[in-house]
Amino acid sequence: MTAAAALTTAATFLWLGMVLAISFVEAPLKFRAPGVTLPIGLGIGRLVFRALNIAELLWAAVIVVAIGAGSFSTTAIALAAGLSIAMLTVQLTAVRPRLSRRSDAVLSGHEGPRSHAHLVYVLLELIKVAALVWLGIAVLSAPVPAMG
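Summary of the structure given here. Starting from 1, residues in each chain are numbered consecutively following that chain's sequence as written. Given that the model is predicted, a residue must reach a pLDDT of at least 70 before its local features are reported, and side-chain atom pairs must reach 80 or more before they are shown or counted; all residues, however, enter totals for whole chains, interfaces and linings. Where side-chain values are given, they derive from all heavy atoms of the structure, hydrogens and water being excluded.

So, on to the packing of helix H2 (residues 38-69) against helix H4 (residues 117-140). Axes are the key here: two packed helices are described by the angle between their axes and the distance separating the axes. For helices, the fitted line uses only the C-alpha atoms of the stretch in contact; every axis is such a line through C-alpha atoms, and the angle between N-to-C directions lies from 0 to 180 degrees. Helix numbers and strand numbers start at the N terminus; a helix is a DSSP run of H or I with at least 4 residues, a strand a run of E with at least 2. Remark: H2 packs on H4, axes separated minimally by 14 Å, with the N-to-C direction vectors making an angle of 30 degrees. Seen from above, H2 lies across H4 with left-handed handedness. Residues Phe 49, Asn 53, Glu 56, Ile 63 and Ile 67 of H2 pack against Tyr 121, Glu 125, Lys 128 and Leu 135 of H4. Ten residue types, Ala, Val, Leu, Ile, Met, Phe, Trp, Tyr, Cys and Pro, are classed as nonpolar, four, Asp, Glu, Lys and Arg, as charged, and the remainder, Gly among them, as polar. The residue makeup of the contact of H2 with H4, split by class, is 5 nonpolar, 1 polar and 3 charged. Note: crossing handedness is left-handed where the near helix turns anticlockwise from the far helix by less than a right angle, and right-handed where it turns clockwise. Residue contacts are counted whenever heavy atoms from the two residues lie within 4.5 Å of one another.

Take a look at the structure:
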């Protein structure tokens, strides 16, 4: 395995692990903890997801650089990386602003209709998880370039 492949694999599975742990374990469980009200849960969620998204941007950049530096010969790697980064981009530019407006309203005491943005975010997370699994498998099964 080349250094670029090892770096791509590590960054991919670290990113995947963070998304699984935060989006699918921490996020739903925090609202079940004793004493955690909706405003407290939203406040915690904003901090945690802000940190997650910064880390995701870092892992995405590492993956792009590592793929660019490597000699990967499969389009599956480029497609899987592109899909995972595209899902993150849509989450950050289109969905997170809506979620932020909704949580701002709730934190300032306004209720109102439930937002469908959360469901869209979760759907994008599921697609991103699948793309990251695909990317990790594609990198691990990519042919190693011949030394010469």
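Here the focus is the packing of H2 against helix H3 (residues 75-107). Running from N to C, H2 and H3 point in directions that differ by 160 degrees, and their axes come no closer than 11 Å. One way to sum up the angle between H2 and H3 is to call them roughly antiparallel. Between H2 and H3 lies a crossing of left-handed hand. In the contact of H2 with H3, the residues fall into 16 nonpolar, 3 polar and 5 charged. What sets the label is the angle itself: under 35 degrees gives roughly parallel, over 145 gives roughly antiparallel, 65 to 115 gives roughly perpendicular, and the rest give oblique.

In terms of nonpolar packing, the biggest core is built from 19 residues, with Trp 15, Trp 59, Ile 63, Ile 77, Leu 135 and Val 139 touching the most fellow members. Looking at this core, the elements with two or more residues in it are helix H1 (3-30), H2, H3 and H4. The residues touching Ile 77, leaving out its near neighbours within four places in the chain, are Ile 67, Phe 72, Leu 135, Ala 138, Val 139 and Ala 142. Counting 9 residues, the second largest nonpolar core, distinct from the first, contains Ile 22, Phe 49, Ala 117 and Leu 124. What we call a nonpolar core is a set of buried Ala, Val, Leu, Ile, Met, Phe, Trp, Tyr and Cys residues that are connected through their side-chain atoms within 4.5 Å. Burial classes follow relative accessibility: with a 1.4 Å probe on protein chains only, a residue under 20% of its type's maximum area counts as buried, one over 50% as exposed, and anything between as partly exposed.

Turning our attention to the packing of aromatic side chains. Here a Phe, Tyr or Trp ring, Trp counted by its six-membered ring, pairs with any other such ring whose centre lies within 6.5 Å, and the pair is stacked when the planes are under 30 degrees apart, edge-to-face when over 60, and tilted otherwise. Under the criterion given, the structure shown has 1 aromatic pair. Ring centres of Phe 49 and Tyr 121 lie 5.9 Å apart, and the angle between their planes is 80 degrees; this geometry places the pair in the edge-to-face category. With a gap of 72 residues between them, Phe 49 in helix H2 and Tyr 121 in helix H4 connect regions that are remote in the sequence. Tyr 121 shares its class with Phe 49; the two are buried.

What follows concerns H2. Every helix has an expected span of 1.5 Å times one less than the residues it contains. With 32 residues, H2 ought to run about 46 Å at 1.5 Å a step, and its terminal C-alpha atoms sit 45 Å apart, in line with that. Turning to H2, its buried residues number three or more, namely Gly 41, Leu 42, Gly 45, Phe 49, Leu 52, Asn 53, Ala 55, Glu 56, Trp 59, Ala 60, Ile 63 and Ala 66. Tucked into the core, H2 has its buried residues touching H1, H3 and H4.

A cluster of nonpolar side chains, contributed by Leu 20, Phe 24, Val 25, Leu 29 and Leu 126, occupies part of the molecular surface with about 410 Å² of accessible area. With 4 residues, H1 is the single largest residue contributor to the nonpolar patch. A residue counts toward a patch only above 30% relative accessible area and without a salt bridge, and it is joined to like-charged neighbours within 9 Å or, for Val, Leu, Ile, Met, Phe, Trp and Tyr, to nonpolar neighbours within 5 Å. Method for areas: the Shrake-Rupley scheme with a 1.4 Å probe, in which residue coverage is limited to the protein chains shown. Should a side-chain nitrogen of Lys or Arg be within 4 Å of a carboxyl oxygen of Asp or Glu, the pair is scored as a salt bridge.

Here the focus is the pattern of salt bridges. Going through the model one piece at a time under the given rule, you end up with 4 salt bridges. A salt bridge links Lys 30 to Glu 26, with the shortest nitrogen-to-oxygen separation between them at 3.5 Å. Taken together, the positions of Lys 30 and Glu 26, both in helix H1 and 4 residues apart, correspond to about one turn of that helix. For Lys 30, a relative accessible area of 11% gives the class buried. Between Lys 128 and Glu 125 there is a salt bridge; the shortest N-O distance is 2.6 Å. Of the two residues, Lys 128 and Glu 125 are both situated in helix H4; the distance of 3 residues between them amounts to about one turn of the helix.

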